[in-house]
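Each chain, written out:
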Amino acid sequence: MIGAAFAAVRTVAGKELLDAWRDRRTLWTVLASAVAVGPLVLVLLSALLADLEQRAQAREVWVQGIEHAPGLRNFFERQTWVVHPAPADHERLLRDNAIGHPVLVVPPDFEAALARGEAPVVELVSSAGNPRAEAGAARLAQMLHGYNHEQATLRLAVRGVSPALLEALRVQPRDVADAAQRAAQLTLMLPFFVLLAVLYGALAAALDTTAGERERGSLEPLLACPQPPLALVLGKWLAVTAVAAALALLSALSFLPGQWLLASEALAAMLHYGLGEALAFFVLLLPLAAAVAAAMMAVAIRSRSVKEAQTTATLVVLVVSLLPMLALFGQRGEQPWQLWLPGLAQSVLMGRVLRGQALETTDWLLPLAVCALLTLLALAAVVRALRGAALR
Amino acid sequence: MIEVEQLAKRYAGGRGRADVVAVAGASWRATDGRITALLGANGAGKTTTLRLVAGLVAPDAGAVHIDGIDVAAQPVAARARLGLLGDARGLYPRLTARENIVYFGRLHGLAPAAAAARAQVLARQLGFAALLDRRCEGYSQGERMKTALARALVHDPANVVLDEPTNGLDVVATRALREVLRRLRDETGKCVVISTHVMQEVERLADEVVVMAAGRTVACGSVAALRAQAGEADFEAAFVRLAYGGAQPVAGAGA
């Protein structure tokens, strides 16, 4: 009896896997959207980061009317900055994000006004909608402040006043964040994309084995077979979990070649991602794959069509994928309660793996228990739906 | 042999709507080696009765016995003795006919080799052996019907229940199906039950007729016996008299 039920579970799981394998269009879509997008985003982000790094080190300034301020040009050149003439329509270019640097506008009577002690006004033109120019604007403002300070010091010295009198205190800014730390922010995206692969992998298979079965009218003949509903449900669940787990593995492995393409040195140095990390990701995601598969089946079995099921199952995708995003934007860092929520817990633990921190037994045992409980509840719901008079 | 006693089933209407009474006291018996037809208008409760027979729906009252096995008490054992071609006869479009049939054979407890052999035999008997290894997505209505029938017969059940089997079939396919059902009766002595609303079908095929109206069994017997009982020479007229007491039914009278 038990042996026969096991054989039924195997038969159902085998058939569902074959069915999923033959559904090539869905297979390719899932592979493309879930597995390829992760490395792609990683490479794009690293290119952006590399661009920012390069800009941070660039010693260049674009000025309109530098010919009116030879003293200022001399100051820039003493700081080994290169002065370029600004494009005429720089305001439009800045608005359109066509140039990635701020522009300094010097009025025609700058040098004369300065000599008269009238404090001439220079314009620092940037755009809040242009992040690259904004980053440069802060550095340019600092340079101008330096010139201001130099001029003031000279004037005081001419009048025989010690410049030190003007400085009641001195501020020495020191930014402890380095490029590697900024890169760490980006590596937090990795778990998110692996998580998405699990969700989308489970989605298609879960809907096809439940709502799809009802939609095409094959559920009734299946239930007319002399098998307990539990055996049918277990077989289907195993198949869906296997698909989700396979996509988790593929997507975790796909970051290995992905990181060879990294353009940012800081990110490449920061990202300790090898075969060990990939396998750790996979092991952490297995219980989630099982729970998500069961949850989606439970949601979809009540729907009469795949389309209807898709609407409700998208909720599961949304909740599980949104939680890690909240943690990503959250300011407080890791919290103990985060390990209680499926999706968020896995994302937190994968983050630890990326940072090379050790995982305590309780750390992975708790999410495992939560996922196991969720799986049991969801599978019980699917069995109940099949057993009950849900058939019309 | 299938015995149905005083079956009743009502579906909850939900949110202020009245309950729908699908079956309200159906009793009949279908014996081995005979074709029994459940005859009734649309909505007379035929499909629900057959679902109750297969144990897909639990009855509110009454009982079904398949070869003496109580369906409510031992659904798995009862189903093993029943082949059902229900109202829903969907196939898995990405699987071939052979894979579809073998899958159900395995779920009926057949060994892989036995299931494969059965698929071959049934495909030859039903005349679609050439299709066996083609995927089901492009099948015609008749081809789908044959595959679904083979799937229902894969475990060689002693009892076969078919819900409106000729629905959507052309003349050639219908005649072929009738031939198959007669062979099931004559060569293997199976108990065959079909539901239909087509008089012609019943006259040509059925040994025994169960007339259903508004969820009730209103008459049982052979075609000749029913004609005599109603006092009508025409079977259609006899059916109307038996089902609706002679008066033409008002639209929607059959629940």
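Caption draft 1: Just the sheet that holds strand S1 (residues 60-64) of chain A, in detail. All names here are of chain A. If you walk across this open sheet you meet the four strands as S2-S1-S3-S4, and the pairing is mixed. Because the sheet does not close on itself, it has two edges, and the strands there are strand S2 (82-85) and strand S4 (123-125). Here the strands of the sheet are splayed against their neighbours by 35 degrees on average, with no regard to which way each runs. Bridge count for S1 against strand S3 (residues 103-105) is three bridges, and the pairing is parallel. Its bridge partner being in S3, Trp 62 is matched across the sheet by Val 103.

Caption draft 2: Geometry of the interface of chain B and chain A. Counting residues at the interface gives 23 residues for chain B and 20 residues for chain A. At the level of secondary structure, the elements contributing two or more residues to the side of chain B that touches chain A comprise helix H2 (75-80) and helix H3 (97-107) of chain B. The greatest single-element share of the side of chain B that touches chain A, amounting to four residues, is contributed by H3(B). Grouping the amino acids of the side of chain B that touches chain A by side-chain chemistry returns 14 nonpolar, four polar and five charged.

Caption draft 3: Fine view of the sheet that holds strand S2 (residues 20-30) of chain B. Residues and elements named next belong to chain B. Judged by pairing direction, the sheet is antiparallel, and its four strands sit side by side in the order S2-S1-S4-S5 without closing on themselves. Of all strands in the sheet, those with a lone pairing partner are S2 and strand S5 (69-70), marking the two edges. One ladder, built from eight bridges, connects strand S1 (residues 2-11) with S2; its direction is antiparallel. Within the sheet, the bridge partner assigned to Glu 3 lies in S2 and is Arg 29. Strand contacts of helix H1 (residues 46-54): S1, S2 and strand S4 (61-66), with the helix running at about 115 degrees to S1, the strand carrying the most contacts.

Caption draft 4: Seen up close, the pairing of strand S8 (residues 191-196) of chain B. Residues and elements named next belong to chain B. With six of six residues buried, S8 lies mostly within the body of the structure. Residue alternation in S8 divides its side chains into two sets, Cys 191, Val 193 and Ser 195 and Val 192, Ile 194 and Thr 196, and both sets are buried. Examined bridge by bridge, strand S3 (residues 35-40) and S8 share five bridges and lie parallel to one another. Counted as the bridge partner of Leu 38 is Ser 195 from S8. Here five bridges tie strand S7 (residues 159-163) to S8, and the two strands are oriented parallel to one another. Pairing of Asp 163 across the sheet is with Ser 195, part of S8. Crossover connection from S7 via helix H6 (residues 171-188) to parallel S8: handedness right-handed.

Caption draft 5: Expanded view of the nonpolar core. All names here are of chain A. Of all hydrophobic cores here, the largest spans 155 residues; its most connected members are Val 198, Ala 202, Val 292, Ala 293, Met 296 and Met 297. If one sorts the elements of this core by residue count, helix H13 (residues 275-300) sits on top with 16 residues. Beyond its immediate sequence surroundings of up to four residues, Val 292 is in contact with Val 198, Leu 199, Ala 202, Ala 244, Val 316 and Val 320. Val 63, Leu 72, Leu 94 and Ala 133 belong to the second-largest nonpolar core, a separate cluster that totals 15 residues.

Conventions and cut-offs
Residues numbered from 1 in each chain as written. Chains lettered and ligands numbered in written order. Predicted model: local features only at pLDDT ≥ 70, side-chain atom pairs only at ≥ 80, totals over all residues. Pairing = 2+ DSSP bridges. Helix = DSSP H or I, 4+ residues; strand = E, 2+ residues; numbered from the N terminus. Axes fitted to C-alpha atoms, helices over the stretch in contact; angles between N-to-C directions. Contact = placed C-beta atoms within 7 Å. Nonpolar A, V, L, I, M, F, W, Y, C, P; charged D, E, K, R; others polar. Buried ≥ 20, exposed ≤ 12 C-beta atoms within 10 Å, placed from the backbone. Right-handed = clockwise from strand over helix to strand, strands pointing away. Core = buried A, V, L, I, M, F, W, Y, C linked by C-beta atoms within 7 Å.

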